[in-house]
There are 2 protein chains.
Amino acid sequence: MGTSDIVKFEALSPAEFFRRNREIAGFSNPTRAIYQTIRELVENSLDATETFKIPPSIKIYIDYANQSKSWISIYAEDNGIGIPGNEIPNVFGRVFYSSKYRIKQHRGIFGLGAKMVVLYAQSTTNTPILVRSAPLKSDAIYEYQLMIDITKNEPVIVSQRTIENKHGWHGTAIKVVLEGDWIKAKRRVEEYLRRTAMVAPYAEFILRGPDEDDVIKIPRVTTKMPDPPKEGLPHPKSVDVELIKQLIQRDPNVPIFEFLIENFDGVGEIIAKKFLDFVGLQPDMPVGKLMNDELINFVTKMREFNEWKRPRADWLSPIGEDILAEGVRFVLRPEVVFTVTRKPSSYMGNPFIVEAALAWGGAIEPSDKPTIYRFANKVPLIYDEGNDIVRKIVDEIDWTQYRVKFPAPLAIVVHICSTKIPYASAGKEAIAEVPEIENEVRNAVREVARKLRLYITRKEKEQELLMKYAIFSMYGEEVVNALSYVSKADLDELRSSINALIREKLRIKSLEDLLTNHSIEGDEDGNNNEDQKHEPSS
Amino acid sequence: MGTSDIVKFEALSPAEFFRRNREIAGFSNPTRAIYQTIRELVENSLDATETFKIPPSIKIYIDYANQSKSWISIYAEDNGIGIPGNEIPNVFGRVFYSSKYRIKQHRGIFGLGAKMVVLYAQSTTNTPILVRSAPLKSDAIYEYQLMIDITKNEPVIVSQRTIENKHGWHGTAIKVVLEGDWIKAKRRVEEYLRRTAMVAPYAEFILRGPDEDDVIKIPRVTTKMPDPPKEGLPHPKSVDVELIKQLIQRDPNVPIFEFLIENFDGVGEIIAKKFLDFVGLQPDMPVGKLMNDELINFVTKMREFNEWKRPRADWLSPIGEDILAEGVRFVLRPEVVFTVTRKPSSYMGNPFIVEAALAWGGAIEPSDKPTIYRFANKVPLIYDEGNDIVRKIVDEIDWTQYRVKFPAPLAIVVHICSTKIPYASAGKEAIAEVPEIENEVRNAVREVARKLRLYITRKEKEQELLMKYAIFSMYGEEVVNALSYVSKADLDELRSSINALIREKLRIKSLEDLLTNHSIEGDEDGNNNEDQKHEPSS
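Residues numbered from 1 in each chain as written. Chains lettered and ligands numbered in written order. Predicted model: local features only at pLDDT ≥ 70, side-chain atom pairs only at ≥ 80, totals over all residues. Heavy atoms only, no water.

Formally: UniProt positions are given in the numbering used here, feature names are shortened, and annotations may be inferred rather than shown by experiment.
The name recorded for chain A in an unreviewed UniProt entry is Type 2 DNA topoisomerase 6 subunit B, from Vulcanisaeta souniana JCM 11219. As stated in UniProt under Sequence similarities (unreviewed entry), the record for chain A gives "Belongs to the TOP6B family." What UniProt states about chain A under its Catalytic activity (unreviewed entry) heading is, verbatim, "ATP-dependent breakage, passage and rejoining of double-stranded DNA."

Written as structure tokens, this is what we have:
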């Protein structure tokens, strides 16, 4: 008996692979499937709005399609830039077809989400997805009912029509029927939206459940929006041999000097020349002439060369300190919020920015550890916290250095944005370990922690001052009475000069200032540098 | 400006998708890439040997291909069933082409590993993979140098030749050159092999590093091998609409009665009839005649029907209590090992078996928590322990109930085998949460923990007995002397009867038995049921 009799080989289409292994993309059980579906649809909607500076309005309606079979219908609508009519079938019906395979910050990153939703619906209820979309300024609204030919990885158009766009609507609306457990998924979906709102306070959400009065509205808190990311070129340090080969194939005759300038981020004439000297190649040599060994040497040198510019951050769209503070203030209702947006950094040629917020007191419940909210490209990460680098870093910090004694009402928000978030799985819940990112997270958390220490220290000092003032005033009153008796001077006049004397000695400008704590938030920034001296060394 | 001007859509080939997102498959950095490469090659080798009851002999040779560029060459060779010559290009050069898309227990599960190795090598060193393979009883050895056309997802044959198979060799040998950090990866690779040996003591491994004397040999400890798994049919409870549609397309004219018997696990004539009554369909109706609504109803009823047989365990290949004990004893060198192989169970129609071993004392270092070794389909899971269900379950157990006081020399080994391990990512490190599996893990760990309690209890009792015996013997000696003096009887005779009397009163059959503890392992099994009464309720 030969090997070919006992082992059978076969090819799967990408659609079939992901149908069989849907756990990889987060569709591991009926509860998780509902959560994952809503999450994928919301993220597509946000990518179609905020990325183009449209303040997002997102509606999600949940209904029972057939309660006895636990069929749930999910409707999601946005006011985004829409999808061109002819692209709709492929965008929903072909795995590995997407607009997200670009160097630019997206919430969606694998371009898989919408197809997974269609695959899951099809496998559980065999119903098509309904898609209605109008691009910006489109005269028509395009409507499709779609399924996927899983064996061929091709869209199947079940029905199709074009509707006149009378009111100039633009956006995308989707309706899908799938098997799932809404009751169990509800809490997680709500938590997901609450956290999304924290980093996108310029968006509004309506989530309506199967019961009429089961409606959650998350209003728009600000009209400020972060600048959208631009689309970028690969950074010379992030390349691999395969990418260079693909770029050469496009035009093998272009001189290597121009090849560098045209295809890579931040490469101008001076840097290109310097680099070619470093490798020892002639600038006018056609790039297609590179032999295999030279090609590998070329790539190795690209990664070794130290004079490239830093990766550009224009491809990124951080939330910004103000918007982040507004979002956190609205969702967590703390006594005080400190935020920081760090400078851009990079790993393997991919730019990234870390932002952190620290919220303290107010409506935050005291707990034994800081509560953590993690975000990557503005997407909240809800599962797998135990394994995350952020949890690890926050737990390693000695919080007593920052005057925090647990249980304490302390929440830490960390947002990482990058053109390439190193997710450990297509379910997008955990970030793979990257030392450069870990460093930046540590620095960001320390930076807001220092602001907290300053705040707590001042608050303690001011409490002390207030106490002193109260005691001095009490004795002052005795003195006023005695002096007035001896000198016959006016009682009120005496009291006012004594009080002025006390304020002067205690260096209190105005009593109201002290009582309302206004001074604290006002000048915290100016004190950061001085404060850094006390930073515990790492 | 319309939408199509600002958004570009594109299709990626499966190869391009995984090249760009290699983190998903575990290739997240140069250290991890080396580890993942060796792991994928070893697992393919084990699938090609043990699954066909060939005792595996696996050789791995590591070398520097170019030390200044951190290029590592990895050579892996096995004595498995080989790959038919004409299949070699696709098996290594086409993503989503594999022999592992079958209902049967494999170590490899996504059929992705070998292609990821080729993609990674190609992207970092642009060198082809060298494959040499001879199927069982093949007259020829087939040799290929292969790369992948990433844009087309097709193999590129760089060179090819056929060699006469003079010595009747069979197996597969692979050589690949990739960028990586061997020094950092080494420890993890060794730990991986050590753990693999724990559950496959019938395999032998040689790992040779770049230095001549840097060789690790893990010998074969037993020639006993578990029965290989058979290939199965889907269980009627595990189906989805899409699968039924695919099966119908193969032959729409077959009567629905035969359709059920032919395509599903454990469906005989009686059960098929009962089920068709339950759905209300005629047995002779051609299955292709099912309308869409009927089809969905059919699938829903398949999942609801309660009289299907349990999924079969023949598709599984557990390690078995004896072989597992041998492996654990060899690798951990404990004082004692207890093992259990639970009965087959199932989730969503997928059969699975949980096995556990508990090792105590000996060379195990005492620690504050039990040390855990996790395995899925005989693959050690090394990363992500913090999030794993096994860690959670072991930590929830109140070990004082089992007479364990920490720090204690306690190691727990858990092996889950299934036709479908619900991995949370293609990197195969964490298992998604499935309640049925969690229950079985809990029961398995408790079962071995009860054996440990019995062992510790007996050991304590025997210590006590030994102490009593020592004391009685001491006083006995006084009595013997006094009696001998009074009665003039023979001293030795008296001593022997007194000692016999002591042994009888203490119910000690033989002193040697007590001293060597032999009695304990001998009859532990008989006492399990009685012992269960004291089980803390969950």
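## Quick notes on the overall build of chain A
The cut-off we apply is this: For helices the rule is a DSSP run of H or I covering at least 4 residues; for strands it is a run of E covering at least 2, with both sets numbered from the N terminus onward. Burial status follows relative accessibility: with a 1.4 Å probe on protein chains alone, a residue under 20% of its type maximum counts as buried, one over 50% as exposed, and anything between as partly exposed. Working rule for contacts: check all heavy atoms of both residues, and any pair within 4.5 Å makes them a contact.
Broken down by element type, chain A carries 17 helices and 16 strands. Taking the principal axes of the C-alpha coordinates as reference, chain A spans close to 115 × 70 × 60 Å. Evaluated residue by residue, chain A yields a buried proportion of 57% over its 538 residues. Counting only contacts in chain A whose residues sit at least 6 apart along the sequence, the fraction spanning at least 24 positions is 74%.

## What about helix 8 (residues 256-263) of chain A?
All names here are of chain A. What counts, and what does not: Think of it as the arc spanned by the lines of direction from the helix axis to the C-beta atoms.
Residues of helix 8 that are buried: Ile256, Phe257, Phe259, Leu260 and Asn263. Viewed end-on, helix 8 has its buried residues packed into an arc of 165°, placing them on one side of the element. The inward-facing, buried residues of helix 8 contact helix 7 (241-250), helix 9 (269-279) and helix 10 (292-304).

## Looking at the relation of the copies chain A and chain B
The condition that has to hold: We superpose the copies by least squares over the C-alpha atoms of residues that have a pLDDT of at least 70 in both of them.
Each copy of the sequence occupies a distinct position, and chain A is placed on chain B by a rotation of 180° and an axial shift of 0.0 Å, giving an RMSD of 0.1 Å. This pairing of chains is accounted for by a two-fold axis. Comparing contact sets, 100% of the residues at the interface of chain A also lie at the interface in chain B, consistent with an isologous, same-surface contact.

## Some points on the packing of aromatic side chains
So the rule is basically this: Within 6.5 Å between ring centres, the rings of Phe, Tyr and Trp (the latter by its six-membered ring) count as paired, and their orientation is classed by plane angle as stacked under 30 degrees, edge-to-face over 60, tilted in between.
Scanning all chains against the criterion turns up 35 aromatic pairs over all chains. Relative to Phe305(A), the ring of Phe278(A) lies with its centre 5.3 Å away and its plane at 45°, an arrangement referred to as tilted. Residue Phe278(A) is located in helix 9, and its partner Phe305(A) is located in the loop between helix 10 and helix 11 (321-332); the two are separated by 27 residues in the primary sequence. By relative accessible area, Phe278(A) is classed as partly exposed at 38%. What links up through ring pairs into an aromatic cluster is the set Phe17(A), Phe18(A), Phe96(A), Phe17(B), Phe18(B) and Phe96(B).

## What about the nonpolar core?
Note the following rule: Take the buried residues of types Ala, Val, Leu, Ile, Met, Phe, Trp, Tyr and Cys, join any two whose side-chain atoms come within 4.5 Å, and each joined set is a nonpolar core.
Of all hydrophobic cores here, the largest spans 164 residues; its most connected members are Phe18(A), Ile74(A), Phe92(A), Phe18(B), Ile74(B) and Phe92(B). Apart from the residues within four sequence positions on either side, Phe18(B) is in contact with Phe18(A), Phe96(A), Val95(B), Phe96(B), Leu112(B), Met116(B) and Leu119(B).

## Here's the deal with the domain arrangement of chain A
We apply this condition: A domain assignment, automatic or from a database, supplies the domain bounds used here.
Here chain A is partitioned into domain 1 (14-218), domain 2 (236-304), domain 3 (321-448) and domain 4 (454-532). Summarising the inter-unit geometry, the C-alpha centres of domain 1 of chain A and domain 2 of chain A are found 41 Å apart.

## A short note on the side chain of Ser45(A)
Residues and elements named next belong to chain A. We count it as follows: Pairs of N or O atoms within 3.5 Å make up the polar contacts considered here, provided that, within protein, one atom can donate a hydrogen while the other can accept it, and that residues adjacent in sequence are counted only when both atoms are side-chain atoms.
Looking at where Ser45 falls in the secondary structure, it is placed in helix 3 (residues 30-47). Look at Ser45 and you get buried, because its relative accessible area is 5%. At 2.8 Å, the side chain of Ser45 and the side chain of Asp78 are in polar contact. Each residue touching Ser45, except ones within four places of it in the same chain, is listed here: Ile58 and Asp78.

## Quick look at the environment of Val394(B)
All names here are of chain B. Along the chain, Val394 turns up in helix 12 (residues 389-396). With 354 residues separating them in the primary sequence, Val394 and Glu40 have C-alpha atoms 29 Å apart. Discounting residues that sit within four places of it in the chain, Val394 has contacts with Pro370, Ile372, Trp399, Ile412 and Val445.

## What about the pairing of strand 7 (residues 154-164) of chain B?
Residues and elements named next belong to chain B. To keep things clear, this is the line we draw: Strand pairing is assigned whenever DSSP identifies at least 2 bridges connecting the two strands.
Summarising the sheet, strand 6 (residues 140-149) and strand 7 pair through 10 bridges and their orientation is antiparallel. The residue of strand 7 that forms the bridge with Gln145 is Ser159. Turn length for the strand 6-strand 7 hairpin, with the two strands adjacent in sequence and antiparallel, is four residues, and the turn residue Asn153 shows positive phi of about 55°.

## With respect to helix 14 (residues 491-506) of chain A
Helical geometry: 3.6 residues make up each α-helical turn, so side chains three or four residues apart lie on a common side. All names here are of chain A. Where we set the bar: One less than the residue count of a helix, multiplied by 1.5 Å, gives the span that helix is expected to have.
Helix length check: helix 14 (16 residues) gives 23 Å between terminal C-alpha atoms against 22 Å at 1.5 Å per residue, within 8%. Looking at the packing, one finds that the buried side of helix 14 touches helix 13 (435-487). Count one or two residues on from helix 14 and you reach Arg507, which has phi positive near 55°.

## Looking at the packing of helix 13 of chain A against helix 14 of chain A
All names here are of chain A. For clarity, the cut-off: Lines are fitted to the C-alpha atoms to define the axes, a helix being fitted only along its stretch in contact, and any angle between axes, read from their N-to-C directions, falls within 0 to 180 degrees. Crossing handedness follows the turn of the near helix against the far one: under a right angle anticlockwise gives a left-handed crossing, and clockwise gives a right-handed one.
It is at 9 Å that the axes of helix 13 and helix 14 come closest, and there the two elements cross at 145°. The handedness of the crossing between helix 13 and helix 14 comes out as right-handed. Two secondary-structure elements touch here, helix 13 through Leu465, Lys468, Tyr469, Phe472, Ser473, Gly476, Glu477, Val479, Val480, Asn481, Leu483 and Ser484 and helix 14 through Leu491, Leu494, Arg495, Ile498, Asn499, Ile502, Arg503 and Leu506.

## Quick notes on the sheet that holds strand 10 (residues 215-218) of chain A
Residue and element names in this part refer to chain A. With mixed pairing, eight strands are arranged side by side in an open sheet as 7-6-5-8-3-2-9-10. In this open sheet, the two strands that pair with only one neighbour each are strand 7 (154-164) and strand 10. Put simply, the sheet's adjacent strands are angled 15° from each other on average, direction ignored. The pairing of strand 5 (residues 129-134) with strand 6 (residues 140-149) spans five bridges and is classified as antiparallel.

## What about the pattern of salt bridges?
A side chain of one charge can pair with a side chain of the opposite charge if their charged atoms are brought near each other. Test applied: Any Lys or Arg side-chain nitrogen located within 4 Å of an Asp or Glu carboxyl oxygen qualifies as a salt bridge.
For the coordinates displayed, the defined rule picks out 62 salt bridges over all chains. A salt bridge links Arg303(B) to Glu179(A), with the shortest nitrogen-to-oxygen separation between them at 3.0 Å. Remark: Glu179(A) occurs in strand 8 (residues 171-179) and Arg303(B) occurs in helix 10 (residues 292-304); the pair is interchain, linking two chains. Judged by its relative accessible area of 27%, Arg303(B) falls in the partly exposed class. Asp314(A) is paired through a salt bridge with Arg312(A); the nearest N and O atoms lie 3.9 Å apart. For Arg312(A), a relative accessible area of 40% puts it in the partly exposed group. Among the charged side chains, a network of salt bridges with common partners joins Glu16(A), Arg19(A), Arg20(A), Arg22(A) and Asp240(B).

## Digging into the sheet that holds strand 6 of chain B
Residues and elements named next belong to chain B. In spatial order, the strands read 7-6-5-8-3-2-9-10; together these eight strands make up an open sheet with mixed pairing. Either end of the sheet is taken by a strand with one partner, and the two such strands are strand 7 and strand 10 (215-218). On average, each strand axis in the sheet is inclined to that of its neighbour by 15°, with strand direction left out of account.

## A closer look at the pairing of strand 10 of chain A
Residue and element names in this part refer to chain A. With four bridges connecting them, strand 9 (residues 204-208) and strand 10 associate as antiparallel partners. Bridge assignment links Arg208 to a residue of strand 10, and that residue is Val215. Between strand 9 and strand 10, which follow one another and run antiparallel, lie six residues.

## Looking at the packing of helix 7 (residues 241-250) of chain B against helix 10 of chain B
All names here are of chain B. We apply this condition: Side-chain classes follow a simple rule in which Ala, Val, Leu, Ile, Met, Phe, Trp, Tyr, Cys and Pro form the nonpolar group, Asp, Glu, Lys and Arg form the charged group, and the remainder, Gly included, forms the polar group.
For the pair helix 7 and helix 10, the least separation of the axes is 10 Å and the interaxial angle reads 115°. For the pair helix 7 and helix 10, the sense of crossing is right-handed. Between helix 7 and helix 10, the contacting residues are Val241, Ile244, Lys245 and Ile248 on the first element and Leu295, Phe298, Val299 and Met302 on the second. The class makeup of the residues in the contact of helix 7 with helix 10 is seven nonpolar, no polar and one charged.

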